[in-house]
Amino acid sequence: MTPPFLLAAGLIYWGLWSGFLWFALPAALILEMAPRANWRWDVSDKEFDRLTDFSNFMLIVCGLYLLNQDGPHGVFELINWLPFLIFPLMAVQRYSVQGRIDISSLFLSVRRLRKKGLHTPRRIDLTPSYFGLCILAAAVAVKHSPWFYPSLLLLGAWGIYGLRSRRYALPIWAAFVIAAAGVGYLGQQGLRTAHQGVEELVMDWFRDRVHRYQSQTRQSTAIGEIGSFKLSNRIEWRLQPEPGQAPPELIRRATFQSYRFGAWSTPEQDLESPERAGEDEDIWIFSHSGAQAAQFRLSGELFRGRGVIPLPHAVKSVHWLPAEQGQRNPLNTFIVKGAPEFLTLDIHYLRGKDLDLPPQEADLSISEMQQDMMQPLVDELNLKALAPSAAAERLGKHFDQHFGYTLELARSEMNAAPLRDFLYATRAGHCEYYATAGALLLRSAGIPTRYVSGFAVQEYDRLSDSYVVRQRHSHAWVLAWIQGRWRVLDYTPSNWIELDAPDSSVWRGLSDRWTLLAFALQELWMRQDSDDDDNTRYAWYLIPLLALLGWRLYRRPRRQRKAEDEALIAGADALRGANDASPFDDIRKALEKRGLPPHTGETPRRWVRRLALTEGEAIRPELLQRIVELHYRRRFDPRPQPPDQARHLRELVERWKTPD
Amino acid sequence: MSPRTALRSLGRLPLRGILWGFRLVHRSSRWLEQRFTPAGRFAIGFASVAGAMGVDTRLNLAHQLFALLAALLLLAMLWSLGFRGRFRVRRDLPRYGAVGQPLQYRMHIHPESGKTERGLELLEQLECNPPTLDDFLRERDPWRRGRNWFDRMAGYPRWAWMMRRHAGAAAPDQALPDLPPARSTEIRLELTPLRRGYIRFTGVVVARADPLGLFRAWRRVQAADRVLILPQRHRVNATALPGGRRYQPGGVSMASEIGESDEFASLREYRPGDPVRHIHWRSLAKLGRPVVKEYSDEFFVRHALVLDTFARADADADADADFEAAVSVAASYAAAIDTQDSLLDLLLAGADVHHLTAGRGLSQSAQLLELLACATPCEHRRFSRLKNAVTDNLGAISGCICVLLDWDEPRQEMIRKLSLAQVPVLTLVVSGRLRGPLDPEPMGRHPERLHLLAPERLAEGLARL
């Protein structure tokens, strides 16, 4: 039974949060007056049926209306209206003589049983359900409020106060409720975080599936997008430098020459396949330079074994890459096909060197509109008058002093061109802005530039003793032709990594550990796969086989037991078969015909002995006794009767029946 | 295994899978029902709805309601891990119960902890073996007419009904009073048997709710027991039974072959074959030759109650209903016949033909009812076994009440034989399938003693006899 006034409190609670207080107050009054009223309605089950049907009808009509108005969100609005729609049923129950409703009134299937006379009446009180419905409707009506949870807790505590076990003192109950409140609070925070995480995961998955295969000729940027620009924490690659060596700061995926409408591109050019070496042709030679090469190990997944491999500038060779096909363009974008989905590569590169081809015409291309956009700043900084290196440096200082880093992209005016907005108004953006603006500004100053996209290698993971390259470490920078070689210019504020990093959380740590475990297993698998002599990969196939063997072994005792049971039953059947009509029954019938039936309860042996005394040779007692012995053996011996014994019994019976 | 058998087994695999699923669902639902209090189940239901509504945490605050309810349930379940109570229980069960009638009994519960135990509940645990695939396919529950097409197709409601029937009764549970330490407290429990036969108790569960009253901690106590539930009985007119006194050679003792009769008549010469225990030793000592005691022969009423347990070859669930009704009819007569001055022989076939005599200081009619309580249909056997057992005793019985499941040729043959032997017979055919009137020819000169009873109107039919 619900405590007094709890139902009213629940209704008013709903009214307050949903804005239906005008209904909730009088409704609460009506419901709470019921126990104090000295009259009642005599409501029959049929009338309750009609009321339920009416409520259901209203539910369906309102549901259709709301779905039509608000689409899927109409469901929440419908729940918000439920206290309205169910109120008539609730009120009638409260004022009825029975005080409860039979479940057959609520469910059509049970109503059918009632009509057929197959239903046992069972009455329920809708009050607790209605109270719960009011709370649910209130929860669905509120988007955000710091008072909802505390008020929910108070109402809930009131509701469950009456349920407490008398085994425990009140302070224990109160401590329980407070503990539950705390756990509930943490739980709902966790739910929100989990929701966010799942959303990000789904977005990443979607983005990955759509954009997995990096185009070597075109890349869209986020220049011009408004809103928060975030990439995920997903680990794309792991990088392990040789001991004693530092890793490359940047590894590039692709290089582009032309910028138009928010995207960098490069004209289709002839691709060439680097020289291959090694027994398995898994060594790709990019340069025969004799200079000392630094090296590192790069591990990661390649979706379906094809895609762009991120490499450092001035790569010399790539080892352990068993791909069917590998091609690079003149801008050193390297794409492979037919490679394993999980790669562990050894990359040799020349630190600080440049092996890219000299600039082409496209490296100076800038449209008139872009030129007009860049000119004021070029003039302000006097870049044209400076030597290329000085111009690059001056530009860098300008960015450092007057610009900031942000992922929260906004426009000063709706129609403002994004780059113009970045350079002259907002003066804040992410790496794509800096790289694009830097490349175009230097081109305006007559310096050939290229736009490079790739990753920054910054985060060291102690557990795996490697550098992790996450999706959010994606980066863009500029290659500028200065003093006869390509130089890397990174104009993005140097603290962008820290600013980009999300708050560390337990979930992220767990996710990283899980990824590391998966990575280690994949590496192990790959290692086994590559080792022909000791190919223990087949050991993994044993696991399901062992499981199957275990299941079969487990089943065998059960099957044996079942077979034993069946044998027992068969034995019992054989025994019971012995009770079937015996040839001795013929003798019994014959003697009964002669008026010599056995006495009730008289055993065949006794009967024959008695008849031997009273009738003498007329009944051939000796033969009869032999027949009786055989009959007993047939009847009582648990072993199956041998066929010759059964035949012998039949012969003896026939002989007895045949007069001499 | 032959290919056909293998194929048949393979074909039944999906059904076995479904049954396995039913078992899982049934076990889970019983666990929910027994472990969670009604308030706990309510909280689960609402938490589920709130969780579904609160999936998008930005849309509304239903996720807060869900989190709070989940926290309450979680803490309640964690609290259950700390229940360390120990108990001893003993039941005082009556010897018998009856189908459909509340069975009341006492239980003594003795806590072995050193403190008063409060706020506990007691749940009886009944043995319940799940039905086999064959049972499940064959049986149809009496509520099937009221079930919708989905329930009939899915089969789970039928499974649940079969499980309840196998248990024999709904397990009673009860709030316990305060249990003082180191003392036995007596409580009264009641259950209503759903079927005849043995109801087996495996033990009890002593449950303790958490402070919030949502989840029960359990302590199982082993306490195996059983009670025999006798068949349902109806009022019958036992004075309308046919037959008078008959000569019973050897008196009651010969009638049943147990013990000595009190009716000692005289001494006579020993004849080979006489039991040694009948020798009158004083006379032997005196005369130097064996002399035996002779007992008087008696005339008394002896009825045979024959229960047909032979199922039809095409037996279905309706055949089960017929059989239960037949058992009920037999039990009604077994209970109604006065066995103080007469004997009643019950014959029914199982693995063997059972023949039990009650009356005049021999077995009580209660033992007949016990036998009937455990009667099962006899499949794959021939009716002639029962017929032979009946006709073997033609000379001794005053009258016969035959409760039959059909009116086919073998049964008519048995009745014909009884009629020809001048044995008055009352024939009751219990069948929901047959439609009257039945062919009365085997009844001879008493066709009025043949009756067809419908299982669903049994009480009515018996009262009209």
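Novice: Honestly, the confidence of the model for chain B in this entry has me stumped. Any pointers?
Specialist: Residue and element names in this part refer to chain B. On average, residues of chain B score 81 in pLDDT, and 82% of them reach the 70 mark or higher. The spread of mean pLDDT over the elements of chain B runs between helix H8 (residues 251-256), the lowest at 44, and helix H4 (residues 62-79), the highest at 94. Contacts of residues 250-262 to residues separated by more than four positions or lying in other chains number 32 contacts, the stretch itself having pLDDT below 50.

Novice: Explanation requested: the packing of helix H7 (residues 127-141) of chain A against helix H3 (residues 38-53) of chain B in the structure shown.
Specialist: When two helices pack together, their arrangement is given by the angle between their axes and by how far apart the axes lie. Between H7(A) and H3(B), the least distance of the axes is 11 Å, while the angle of their chain directions is 20 degrees. Taken together, the axes of H7(A) and H3(B) lie roughly parallel to each other. Viewed along their axes, H7(A) and H3(B) form a crossing whose handedness is right-handed. Residues Pro128(A), Gly132(A), Leu136(A), Ala139(A) and Val140(A) of H7(A) pack against Phe42(B), Phe46(B), Val49(B), Ala50(B) and Met53(B) of H3(B). Across the contact of H7(A) with H3(B), the residue classes break down as nine nonpolar, one polar and no charged.

Novice: Can you walk me through the interface of chain A and chain B in this structure?
Specialist: Size of an interface: often given as the accessible area lost when the parts come together. Chain A puts 50 residues into the contact, and the matching count from chain B is 48 residues. Of all the secondary structure elements, the ones that give two or more residues to the side of chain A that touches chain B are helix H4 (74-95), helix H6 (108-115), H7, helix H8 (148-161), helix H9 (170-211) and helix H18 (604-615) of chain A. With 12 residues, the top contributor of residues to the side of chain A that touches chain B is H9(A). Within the side of chain A that touches chain B, the residues separate by chemical class into 27 nonpolar, 12 polar and 11 charged.

Novice: Would you explain the packing of helix H10 (residues 368-381) of chain A against helix H13 (residues 431-444) of chain A in this entry?
Specialist: Residue and element names in this part refer to chain A. Closest axis-to-axis distance for the H10/H13 pair is 9 Å, and the angle between their directions is 80 degrees. As far as their axial angle goes, H13 and H10 are roughly perpendicular. On H13, the residues that touch Gln370, Gln371, Met374, Gln375, Leu377 and Val378 of H10 are Leu440, Leu441 and Ser444. Its residues assigned to classes, the contact of H10 with H13 comprises five nonpolar, four polar and no charged.

Novice: What is the right way to read the sheet that holds strand E5 (residues 173-175) of chain B from this model?
Specialist: Remark on secondary structure: sheet strands pair via backbone hydrogen bonds, oriented parallel or antiparallel. Residue and element names in this part refer to chain B. Ordered in space as E2-E8-E7-E4-E5, the five strands form an open sheet in which the pairing is mixed. On the outer flanks of this sheet lie strand E2 (96-98) and E5, each paired with one strand and no other. With direction set aside, neighbouring strand axes in the sheet form an average angle of 35 degrees. Along the sheet, helix H11 (residues 365-373) makes contact with strand E7 (197-209) and strand E8 (216-230), crossing E8 at roughly 120 degrees.

Novice: Which parts of the structure should I look at to understand the pairing of strand E6 (residues 250-256) of chain A?
Specialist: Consecutive residues of a regular strand have side chains that alternate between opposite faces of the sheet. Residue and element names in this part refer to chain A. The buried count for E6 comes to seven of seven residues, which makes it a mostly enclosed element. Note: E6 against strand E20 (residues 449-456), six bridges, orientation antiparallel. Among the inter-strand pairings, Phe256 is bridged to a residue of E20, identified as Tyr451.

Novice: It is not clear to me how the sheet that holds strand E23 (residues 474-482) of chain A should be interpreted in this structure. Could you clarify?
Specialist: All names here are of chain A. The four strands are arranged E6-E20-E23-E24 in an open sheet whose pairing can be described as antiparallel. This sheet does not close on itself; its edge strands, each paired only once, are E6 and strand E24 (485-489). Direction aside, the axes of adjacent strands within the sheet are offset by 35 degrees on average. Inspection of the sheet shows E20 paired to E23 by seven bridges, in the antiparallel sense. Of the residues in E23, the one forming a bridge with Tyr451 is Val478. This element, helix H11 (residues 388-402), spans E23 and E24 of the sheet and lies at about 150 degrees to E23. Packed onto the sheet, H13 meets E20, E23 and E24 and runs at close to 15 degrees relative to E23.

Novice: Would you explain H18(A) in this entry?
Specialist: For an α-helix, the turn length of 3.6 residues means that residues three or four places apart are oriented alike. The terminal C-alpha atoms of H18(A), which comprises 12 residues, lie 15 Å apart, in line with the 16 Å expected from a rise of 1.5 Å per residue. Of the residues trailing H18(A), Gly616(A) is marked for its positive phi of about 70 degrees.

Novice: Explain unusual backbone geometry here, please?
Specialist: Trans is the common state for peptide bonds, and a negative phi is the common state for residues other than glycine. Residue and element names in this part refer to chain A. For Asn382, which is not glycine, the phi torsion reads 60 degrees and is therefore positive. Tracing the backbone shows Asn382 in the loop between H10 and H11. One non-glycine residue, Asp465, lies in positive phi territory at about 50 degrees.

Novice: Honestly, the nonpolar core in this entry has me stumped. Any pointers?
Specialist: Side chains of nonpolar character tend, in soluble globular proteins, to be buried together. All names here are of chain A. Ranked by internal contacts, the top residues of the largest apolar core, which has 70 residues, are Ala435, Leu441, Leu442, Tyr451, Val478 and Ala480. With nine residues, the top contributor of residues to this core is H13. Leaving out residues up to four positions away in the same chain, Ala435 has contacts with Tyr451, Ala476, Trp477, Val478 and Tyr491.

What counts, and at which threshold
Residues numbered from 1 in each chain as written. Chains lettered and ligands numbered in written order. Predicted model: local features only at pLDDT ≥ 70, side-chain atom pairs only at ≥ 80, totals over all residues. pLDDT = per-residue confidence, 0-100. Helix = DSSP H or I, 4+ residues; strand = E, 2+ residues; numbered from the N terminus. Contact = placed C-beta atoms within 7 Å. Axes fitted to C-alpha atoms, helices over the stretch in contact; angles between N-to-C directions. Parallel < 35°, antiparallel > 145°, perpendicular 65-115°, else oblique. Left-handed = near helix turned anticlockwise from the far one by under 90°. Nonpolar A, V, L, I, M, F, W, Y, C, P; charged D, E, K, R; others polar. Pairing = 2+ DSSP bridges. Buried ≥ 20, exposed ≤ 12 C-beta atoms within 10 Å, placed from the backbone. Expected span 1.5 Å × (residues − 1). Core = buried A, V, L, I, M, F, W, Y, C linked by C-beta atoms within 7 Å.

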